[in-house]
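Coordinates in review
The chain contents come next:
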Amino acid sequence: MFSLIFEMLRFANLSRTAALRPHFLRMSSRSFVLPARHPVVDSLKAADQDKVAIRHVPSGNTYTYGDMLHDVGYWRTKLQEITAAATPEASGGHRIAIMGENSYQFAVAFYASLTLPGTLAVPLCTNHTSAEIQYQLDNSQASLIITPERFANKVEQFHNADRQVLTFEAIQPADKTAKAAPAGAARVHEFREDATYEGAGYMLYTSGTSGNPKGVVTPLETFMAQAKALSAAWKINENTNFLHTLPLHHVHGVLIALTLPVLARARVEFLFPFSPAAVLDRLATPPSVLPPINTYTAVPTIYSRLVNYIDEHLPEEKHAAVQEGFSRLQLAMCGSAALPDPLRQSWDRVTNGQVSLLERYGMTETGITLSQPLAPLSSRRPGTVGHPVPSVVARIVDPDSKEVLFDSSNAAAYKFNKEVSGDLVLGGPTVFKEYWHKPEATRDTFLPDTGNGERWFVTGDVASVNPEDHSIKILGRASMDIIKSGGEKLSALEIEREILAVPHVAETAVVGLPSREWGEQATAIVVLKSSASPEYRQNFDYQYLKTQLREKLSGYKIPREVLVLDTPIPRNQMGKVNKKSLVKTLFPDRIKAKI
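Quick summary incoming for the structure in this document.

Each value, and the rule that gives it
- Residues numbered from 1 in each chain as written.
- Predicted model: local features only at pLDDT ≥ 70, side-chain atom pairs only at ≥ 80, totals over all residues.
- Heavy atoms only, no water.
- Helix = DSSP H or I, 4+ residues; strand = E, 2+ residues; numbered from the N terminus.
- Rg over C-alpha atoms; globule rule 2.2 N^0.38 Å.
- Contact = heavy atoms within 4.5 Å.
- Areas by Shrake-Rupley, 256 points an atom, 1.4 Å probe, with all protein chains shown as cover.
- Lys, Arg positive; Asp, Glu negative; His and termini not counted.
- Charge placed at Lys NZ, Arg CZ, Asp CG, Glu CD.
- Pairing = 2+ DSSP bridges.
- Axes fitted to C-alpha atoms, helices over the stretch in contact; angles between N-to-C directions.
- Phe/Tyr/Trp six-rings, centres within 6.5 Å; stacked < 30°, edge-to-face > 60°.
- Buried < 20%, exposed > 50% of the residue type's maximum accessible area, 1.4 Å probe, protein only.
- Core = buried A, V, L, I, M, F, W, Y, C linked by side-chain atoms within 4.5 Å.

Next up on the list: the overall build of the protein. Looking only at helices and strands, one finds 19 helices and 28 strands in the protein. For the protein, whose C-alpha radius of gyration is 25 Å, the value lies close to the compact-globule estimate of 25 Å for 595 residues. Each principal axis of the C-alpha atoms in the protein carries an extent, and together these give about 75 × 60 × 55 Å. When contacts within the protein are restricted to residue pairs at least 6 apart in sequence, those whose partners lie at least 24 apart make up 69%. Summed over its atoms, the accessible surface of the protein is roughly 25200 Å², and 50% of this surface lies on carbon and sulfur atoms. Distance between charge centroids for the protein: 1 Å, based on 62 positive and 61 negative side chains.

This is how it looks when you write it as structure tokens:
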């Protein structure tokens, strides 16, 4: 059956797949069965059915909670029919890969997958190479790929005897959407106890910045625990209007900016791909025209582009309206990478201090687990990521002795009068289940079971705790950002923060290179701003950087070598630098020689 369907799609022009709908995809009823007491379905059902749930900013299209409830039911029925024609993998259940940019259709397909028993949704990145996509599809053993028509050519090559490829438009033609229903038509859904969703969840792949990407299995109940913790920490409610500019193959996009507002019966506005002008235009839109945006989340790279656009390109006549927009923005969060102090200060300057950035910390494996407080702003200690969100317990553990140096559930027992660093370990209901088909990697990333049933996830990050308020600072990845030089452990992130404060520095990455004398040698890779003069560029060398840093860093922390690039440092979509890949590209001879 699957092979026949694909051949119909493949040998016809894929732009016409909407006309090539397999027989079993036709459906006349507008009544669908949905599971009773499913957290997402319950939220859709309890919402005002006429309230806008999702708005697509570029097109202006809007979709209500009633639309979503109908279309999730439709998609659940279709996906059941499609996967029923395939043989489940030996590991049980199905993996449904979803590729597409931020859209209502992607959200519906994702949530419908979460209503199916034994099914994992697997969001894919539209910008990944064919090799990266192939790896994730093969590793996840996805039996179905669904995508909009515009990306069909990108995934057509991955069809095989065990994997079907279908477009959004083929699965739900325009005349079958909630929008196509006659005015006043009743939408009757049956919510049944026997419509099980046991074993449902989703799987995201790690960024691969510290090794090969791993499939992180997050069961539905864990996903909901993550959402509950963050909604409480950030007071997400039905009045939230979230501007969404992040990709949906990442926890920031699928959990924070989409699922939190949906569960709160709030509003999401998709604006993708990111554009500084478009974001500022939407923020500046008067409340008399559209409900104001009051919540936003992004990565440092995006905030940097917003600051640069305001400084260099924003028309003078728009400044007042943009400042009005900032005054309505109640929460602006920054994560995925460290927030440099110069960028924090620049953001406060261009926003007139109306909405300071809230830093938080998380991982694909845990969702967001640490966050600075909403208020008061004075309690947000710069350079830290705050405290554990509700239900999460954070520990700082000595990497050698395994002694617990700090436990957030018993912070009063902290016995040190200075910052102490160690491995960051997390516990609580927000921690993932396993790495897909990697039992050894799963076992190795948790502390040994002591028999009490507690699971302690070793994040791979090194962190310190402030003795005054017990806020936590991330020092970096143990495998990449902790440089062991001359018997000292250096935090690359600490060094990077100070380098970014040097005049005309736009970007930096500090890496450790093999050294006979030091073991590892801290080396700074730097990109200068376009404002830097030719003379400044010529004089920017090791001695100059050393002079700039010696009042801020101890001598042993100052990089011993500097490389200035003429092009930006490569980053992934979330603004992260793969330092292992960067070192191999820029210093291949040093790595090969191990000197």
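Here the narrative resumes.
What follows covers the environment of P273. Position of P273 relative to the elements: it lies in the loop between β12 (267-270) and α10 (276-284). Along the sequence, P273 and A178 sit 95 residues apart, while their C-alpha atoms lie 26 Å from each other.

In this section: the side chain of T351. Counting through the fold element by element, T351 comes out in the loop between α13 (341-350) and β15 (357-363). Non-local contacts of T351, meaning those with residues more than four positions away in its chain, are made with Q323 and F326.

What holds strands together in a sheet is hydrogen bonding between their backbones, with the strands either parallel or antiparallel. Spatial ordering of the open sheet is given by β3-β2-β12-β11-β13-β14-β15-β16-β17, a layout of nine strands whose pairing is mixed. Both outer strands of the open sheet, β3 (62-64) and β17 (387-388), are each paired with one neighbouring strand and no more. In this structure, strand β11 (residues 241-244) lies alongside β12, joined through four bridges in parallel fashion. By the bridge assignment, N241 is partnered in β12 with R267. Its contacts with the sheet place helix α9 (residues 251-263) against β2 (52-56), β11, β12, β13 (295-298), β14 (331-334), β15 and β16 (367-371), and it is angled at close to 155° to β11.

This part covers the packing of aromatic side chains. What the rule picks out here adds up to 20 aromatic pairs. Ring centres 5.6 Å apart and planes at 85° place the aromatic pair F110 and Y202 in the edge-to-face group. On the criterion of sequence distance, the pair formed by F110 in helix α4 (residues 104-113) and Y202 in strand β9 (residues 201-205) is long-range, its members being 92 residues apart. On the accessibility criterion, F110 (0% relative accessible area) is buried. On the basis of an interplanar angle of 25° and a centroid distance of 5.6 Å, the ring pair of F432 and F446 is categorised as stacked. Of this pair, F432 sits in the loop between β20 (420-427) and β21 (434-435) while F446 sits in the loop between α14 (439-444) and β22 (457-465), placing them 14 residues apart in sequence. Take F432: its relative accessible area is 0%, and that puts it in the buried class.

The next point concerns the sheet that holds strand β5 (residues 119-124). One open sheet accounts for seven strands, arranged β7-β6-β4-β5-β9-β10-β21; its pairing is mixed. Looking along the sheet, the strands with just one partner apiece sit at the ends: β7 (164-167) and β21. Sheet analysis places strand β6 (residues 144-147) next to β7, joined by four bridges and oriented parallel. Note that in β7 the partner of L144 across the bridge is Q164. Contacting β9 and β10 (215-219), helix α8 (residues 220-234) crosses the sheet at an angle of about 80° to β10.

Ranked by size, the top nonpolar core spans 89 residues in total, and within it I54, W75, F110, Y111, I146 and W234 carry the most contacts. For I146, the contacting residues outside a window of four places in its chain are W75, L79, I96, A97, I98, M99, A109, L166, F168 and I171. I293, L306, V307 and L329 belong to the second largest nonpolar core, which has 32 residues in total.

The omega angle of the peptide bond from F272 to P273 is 5°, so this bond is cis rather than trans. Here the residue pair A375 and P376 is connected by a cis peptide bond, since its omega of -5° sits within 30 degrees of zero. Inspection of the secondary structure puts P376 in the loop between β16 and β17. Positive phi, close to 55°, is recorded for N352, a residue that is not glycine. Its place among the elements puts N352 in the loop between α13 and β15.

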